[in-house]
Amino acid sequence: MSTVNRALQSIGKSNFVHYFEDYKELAFSKEKLSGKDKMSLAKKLLEDNPNASKISGQLIRISSAITIFKNGWEEEALKEVIASKHPSISKEIKAKAAALISMR
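All of the points below concern the structure found in this document. (Residues numbered from 1 in each chain as written. Predicted model: local features only at pLDDT ≥ 70, side-chain atom pairs only at ≥ 80, totals over all residues. Heavy atoms only, no water.)

With respect to the environment of Asn 51
Then, number 1: Secondary-structure assignment places Asn 51 in the loop between α4 (35-48) and α5 (55-70).
Then, number 2: Measuring from C-alpha to C-alpha, the distance between Asn 51 and Glu 75 comes to 27 Å, with 24 residues separating the pair along the chain. (Helix = DSSP H or I, 4+ residues; strand = E, 2+ residues; numbered from the N terminus.)

Details of the side chain of Asn 49
Then, number 1: Turning to its location among the elements, Asn 49 is positioned in the loop between α4 and α5.
Then, number 2: Assessed through its relative accessible area of 18%, Asn 49 is described here as buried.
Then, number 3: Among the polar contacts made by the side chain of Asn 49, one reaches the main-chain amide nitrogen of Asn 51 at a distance of 2.8 Å. (Buried < 20%, exposed > 50% of the residue type's maximum accessible area, 1.4 Å probe, protein only. Polar contact = N/O pair within 3.5 Å; in protein donor to acceptor, adjacent residues only side chain to side chain.)

Some points on the packing of aromatic side chains
Remark: the centre distance and the inter-plane angle together describe each pair of aromatic rings, the angle taken between the planes.
Then, number 1: Throughout the structure, instances matching the rule amount to six aromatic pairs.
Then, number 2: Centre to centre, the rings of Phe 16 and Phe 20 are 5.5 Å apart; their planes meet at 80°, and the pair counts as edge-to-face. Neither residue differs from the other here; Phe 16 and Phe 20 are each classed as buried.
Then, number 3: With centroids separated by 6.5 Å and ring planes inclined at 70°, the aromatic side chains of Tyr 19 and Tyr 23 adopt a geometry described as edge-to-face. Neither Tyr 19 nor Tyr 23 differs from the other in exposure class; each is buried.
Then, number 4: A network of ring pairs unites the aromatic residues Phe 16, Tyr 19, Phe 20, Tyr 23, Phe 28 and Phe 69 as a single cluster. (Phe/Tyr/Trp six-rings, centres within 6.5 Å; stacked < 30°, edge-to-face > 60°.)

Here we look at the pattern of salt bridges
Then, number 1: Counted by the stated rule, this structure contains three salt bridges.
Then, number 2: A salt bridge links Asp 37 to Lys 30; its shortest N-O distance comes to 2.9 Å.
Then, number 3: Take Asp 37: its relative accessible area is 22%, and that puts it in the partly exposed class.
Then, number 4: A relative accessible area of 42% places Lys 30 in the partly exposed class.
Then, number 5: Across the pair Glu 75 and Lys 79 runs a salt bridge whose closest N-O atoms are separated by 3.2 Å. Placement of both Glu 75 and Lys 79 in helix α6 (residues 74-83) is noted, with a separation of four residues, approximately one turn of the helix. (Salt bridge = Lys/Arg side-chain N within 4 Å of Asp/Glu carboxyl O.)

Okay, here's the thing in structure tokens:
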């Protein structure tokens, strides 16, 4: 399994696409991010996801997304989303992922 795939599993493919801009903005906001820096987005993710129960899980998502952006893997990650055969990855998510690639 590639490092990008592992990071996407930690984030969730739909989540990565849905919050792509939030993750990107946070990833490049500072050279070194603290837990406090990530907390605002973590709370937003927790509130927006009825299946999420812990802030720690959201912080893991954020750290994995930051890894993708800091390593320049975002296009590869979006292509993984588009290629996904998983039923939870809707046509809308794939279309948004394709649009994000074309905006780069």
